[in-house]
Amino acid sequence: MQQYSSLPDQKSLIDATPKLLTTIEQLRAQLWLESSLNQLQSRLNDCLLSACNTVPQAEAAQAEIFQTVINEINSAVHSSNLALTECAVGIAMCQPQETVATVCYVSRSPSPNSPLFLEVLTAEKKLLLRLQEVIKIEDLQQLENQQLPSAWRLADDSGSVLGWLILATAPLSSHHESFIESQVQLRSQLMPRSAKCCSTALVQLRHILSWSQRCQQLSNSNQELERTNQLKNQFLANTSHEIRTPLGSIIGFTHLLLAPGYEPTKERQQEYLNIIQSSGKHLLALINDILDLSKIEANQLEVQWETIDVPILCGNVLALVKEKAANKGLKLCLELEPDITTLVADPLRLKQMLLNLLFNALKFTSIGSVGLKIASKGVFVHFTVWDTGTGISQEDQVQLFQPYFQIAKAVADGIEGTGLGLAVTQKLAQIHGGSVKVESEIDRGSRFTLVLPLKQEMEVRVDEEAGEAKSSLFPVPLTPSSSVEILLVENDLPNADLIQIYLRKLGYQVTWVKNADEMWEALTQLDPAVILMDVCLADENGLNLVQQLREHQQYRTIPVIVQTAMAMKGDRETCLAAGVNDYISKPIDLPLLARLVAKYSKPPTSAD
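Residues numbered from 1 in each chain as written. Predicted model: local features only at pLDDT ≥ 70, side-chain atom pairs only at ≥ 80, totals over all residues. Heavy atoms only, no water.

## As for the overall build of the chain
Step number 1: Of regular secondary structure, the chain possesses 16 helices and 17 strands.
Step number 2: Within the chain, the fraction of its 608 residues that count as buried is 40%.
Step number 3: Looking at the chain as shown, the accessible area adds up to about 34,500 Å², and 53% of this sits on carbon and sulfur atoms. (Helix = DSSP H or I, 4+ residues; strand = E, 2+ residues; numbered from the N terminus. Buried < 20%, exposed > 50% of the residue type's maximum accessible area, 1.4 Å probe, protein only. Areas by Shrake-Rupley, 256 points an atom, 1.4 Å probe, with all protein chains shown as cover.)

Shown next as structure tokens:
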């Protein structure tokens, strides 16, 4: 029987030794490769995590990734036991559509005195790897396509090339098998996979920066919304107080006048009525400030340019605040340079700006003086309102012109205000091509300077509505004929009573109807000289009624004046487009209403 030995043959052991050694070298090389790539990926993850936490600039974050790739490849190559000696790594950056790339990152060469070149492209051409070296894209593409590549492209997720990862080695001095295998391992495994890791990190970085930017925008928006919400709440609280105060006077004194058994003297009755009227005007001013701010922010404010007599306007403005100054025992001063005579501006808005500044000065001054100084400086006029009041801190001055902002101390002291006056004043000044400046110190008073240009580029004109408003300041002659019939179409009973009483006092015959049906019925019996039409009726829109009137031959020529609370830009034009002859906004300016009725109730003349 044949016997088999369990011991290996001595010759077979000798033959197996080289294979075992080869396997160990391969495992060692594979371990080095994976360890190096894992280390690179870990460092890149650290870079991305840092970008998530700190939100750096895009260029700085990208530079950190490139430098990390360079450092990790260089460290892996020169810390290995493989036969890799003289080599360096760099990154050349390029822009879309460019034909060259610039070396922006490069590792340190182990032998600084021995320059490292890329592979020879031609017999005469070598490419030096150093900072700011310019390399043609076509040369990099040739290096990429060699049997053993020396360049690998870095691309984003759309395929656009951002740059090139480059490997430079010293000229081959050995053809030892281990050296050649190391070169193959480096060029076919480590470098292309490192380039892929770099490209992936760049794409992820771009997403992170985009998300971070979006988060920052959302955070800013949330802060602004929170601030706006706080201002809204503050505005509502302030406005509620501002509305309730004059309303208290109106309701209280009206109740007093209506109280059974109470019969005040004529002087007292006149005093109470003046208070009621003043409180009503205060409410109207508040509503106008809110509307003005809304119009300005919506770019709907109309400006009527006129040549203004500055001394007369300033005198009128001071006359309006004279009583308030006297009540507080304050001296009121006016200083006007004699060479200032005229100015091109909107007179109503200029008066509004000056009154806002003067009323603020009076509000915050308890002892001393308040003054208005007008001086010419080049092509500008400076209207300076000064006072000897409490002054304003530097911190509050920063927010002073923000809508709804109020000084905390003023609120605590119970000083009335909505925080809209200065915001409206500044925006009106900007519309005029000017500005508002403030100088102030605590307990040393304030100086607000309204700067306006002397002239405007646009044509100076007087708007018809402005002319009507202007004429309302003058008394209307009470000479209408008692035979003039007015048809009043009004949904609101108090407004209807007011208009009827006023027009009948002027001598007109007034017929009042509440809705569209009653209007059509009244027209079968009346031939009115003018129709006063409310826009908001219970059963129909007043403008639609006007259009229907214009479709009937017998009513087509009757003048129609609408009265409405519509007061935004374009509302007047909307009414006129419906066939209305004229427009008056609520609350009704009674002298203006009388003028319009007188104008349209007269029979036409040849001049008309």
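## Examining unusual backbone geometry
Across the chain, the bulk of peptide bonds are trans and the bulk of non-glycine residues have phi less than zero.
Step number 1: Positive phi, close to 70°, is recorded for Gln-132, a residue that is not glycine.
Step number 2: In this fold, Gln-132 is placed in the loop between β2 (100–106) and β3 (134–136).
Step number 3: Here the phi dihedral of Asp-443 falls at roughly 65°; this positive angle occurs in a residue that is not glycine.

## Regarding the packing of helix α7 (residues 347–363) against helix α10 (residues 421–431)
Step number 1: One way to put it is that α7 packs onto α10 with a least axis distance of 9 Å and a crossing angle of 145°. Note that α7 runs across α10; the crossing there is left-handed. The segment α7 lies against α10, with Arg-349, Gln-352, Met-353, Asn-356, Leu-357 and Asn-360 engaging Gly-421, Leu-422, Val-424, Thr-425, Leu-428 and Ala-429.
Step number 2: Classifying every residue of the contact of α7 with α10 by side-chain character gives 6 nonpolar, 5 polar and 1 charged. (Axes fitted to C-alpha atoms, helices over the stretch in contact; angles between N-to-C directions. Left-handed = near helix turned anticlockwise from the far one by under 90°. Contact = heavy atoms within 4.5 Å. Nonpolar A, V, L, I, M, F, W, Y, C, P; charged D, E, K, R; others polar.)

## Remarks on the environment of Ala-325
Step number 1: Looking at the secondary structure, you find Ala-325 in helix α6 (residues 310–327).
Step number 2: Through-space distance from the C-alpha of Ala-325 to that of Phe-359 is 9.2 Å; in sequence the pair is 34 residues apart.
Step number 3: If near-sequence neighbours (up to four positions away) are discounted, Ala-325 is found in contact with Leu-330, Leu-332 and Leu-362.

## Here's the deal with the packing of aromatic side chains
Step number 1: The tally for this structure, following the rule as stated, stands at 4 aromatic pairs.
Step number 2: Between Phe-66 and Tyr-105, the aromatic rings sit 5.4 Å apart at their centres with planes inclined by 45°, giving tilted as the arrangement. Remark: Tyr-105 occurs in strand β2 and Phe-66 occurs in helix α2 (residues 58–78); sequence separation between them is 39 residues. One exposure class covers both Phe-66 and Tyr-105, and it is buried. (Phe/Tyr/Trp six-rings, centres within 6.5 Å; stacked < 30°, edge-to-face > 60°.)

## Quick notes on the nonpolar core
Step number 1: Membership of the largest hydrophobic core comes to 44 residues, with the highest contact counts inside it found for Leu-350, Phe-383, Leu-400, Phe-448 and Leu-450.
Step number 2: The element contributing the most residues to this core is α7, with 8 residues.
Step number 3: Dropping the residues within four chain positions of it, Leu-350 is found in contact with Ile-308, Leu-313, Leu-343, Phe-383, Leu-450 and Leu-452.
Step number 4: Counting 36 residues, the second-largest nonpolar core is a separate cluster that includes Leu-44, Ala-61, Cys-87 and Leu-205. (Core = buried A, V, L, I, M, F, W, Y, C linked by side-chain atoms within 4.5 Å.)

## A short note on the pairing of strand β1 (residues 87–93)
Step number 1: Most of β1 is tucked away: 7 of the 7 residues are buried.
Step number 2: Of the two faces of β1, both are covered, the one formed by Cys-87, Val-89, Ile-91 and Met-93 as well as the one formed by Ala-88, Gly-90 and Ala-92.
Step number 3: In this structure, β1 lies alongside strand β5 (residues 161–169), joined through 7 bridges in antiparallel fashion. Residue pairing across strands places Val-89 opposite Leu-167, the latter belonging to β5.
Step number 4: Looking at chain direction, β1 and β2 are connected through 4 bridges and run antiparallel. Considered in β2, the bridge of Ala-92 is made with Val-103.
Step number 5: Linking β1 back to β2 in an antiparallel pair, the connection comprises 6 residues, with Gln-97 at a positive phi of about 70°. (Pairing = 2+ DSSP bridges.)

## Side note on the packing of helix α12 (residues 493–505) against helix α16 (residues 590–601)
Step number 1: It is at 11 Å that the axes of α12 and α16 come closest, and there the two elements cross at 60°. Taken together, the axes of α12 and α16 are oblique relative to one another. Judged by the sense of rotation from one axis to the other, the crossing of α12 with α16 is right-handed. On α16, the residues that touch Leu-498, Ile-499, Tyr-502 and Leu-503 of α12 are Leu-590, Pro-591, Leu-593, Ala-594 and Val-597.
Step number 2: Considering only residue class, the contact of α12 with α16 consists of 9 nonpolar, no polar and no charged. (Parallel < 35°, antiparallel > 145°, perpendicular 65-115°, else oblique.)

## Concerning the pattern of salt bridges
Step number 1: Here the structure, examined in full by the defined rule, presents 10 salt bridges.
Step number 2: Residue Arg-193 is joined to Glu-34 by a salt bridge in which the shortest nitrogen-to-oxygen separation is 3.1 Å. Of this pair, Arg-193 sits in helix α4 (residues 177–258) while Glu-34 sits in helix α1 (residues 10–54), placing them 159 residues apart in sequence.
Step number 3: Between Glu-72 and Arg-43 there is a salt bridge, and its shortest N-O distance comes to 3.6 Å. On the criterion of sequence distance, the pair formed by Glu-72 in helix α2 and Arg-43 in helix α1 is long-range, its members being 29 residues apart.
Step number 4: Here Glu-72 falls in the buried class, since its relative accessible area comes to 15%.
Step number 5: Several salt bridges converge on common partners, so that one network encompasses Asp-156, Asp-157 and Arg-206. (Salt bridge = Lys/Arg side-chain N within 4 Å of Asp/Glu carboxyl O.)

## What about the sheet that holds β1?
Step number 1: The 5 strands lie next to each other as β3-β2-β1-β5-β4, forming an open sheet whose pairing is antiparallel. Looking at which strands have only one partner, the edges of the open sheet turn out to be β3 and β4 (151–155). Each strand of the sheet is rotated relative to its neighbour by a mean of 35°, with strand direction disregarded.
Step number 2: With respect to the sheet, α2 is in contact with β1, β2, β4 and β5, its orientation differing from that of β1 by roughly 165°.

## Here's the deal with the side chain of Ser-440
Step number 1: Position of Ser-440 among the secondary structure elements: in strand β11 (residues 435–440).
Step number 2: Setting aside its immediate chain neighbours within four residues, Ser-440 contacts Gly-391, Ile-392, Gln-394, Gln-397, Gly-445 and Ser-446.

## A few points about the confidence of the model for the chain
Step number 1: Of the residues in the chain, 80% have a pLDDT of 70 or more, and the chain-wide mean is 80.
Step number 2: Note on residues 1–8: pLDDT is under 50 here. Beyond four places in sequence and across chains, it has 1 contact.
Step number 3: Between residues 118–123, whose pLDDT stays under 50, and residues either more than four places distant or in other chains, the model counts 17 contacts. (pLDDT = per-residue confidence, 0-100.)

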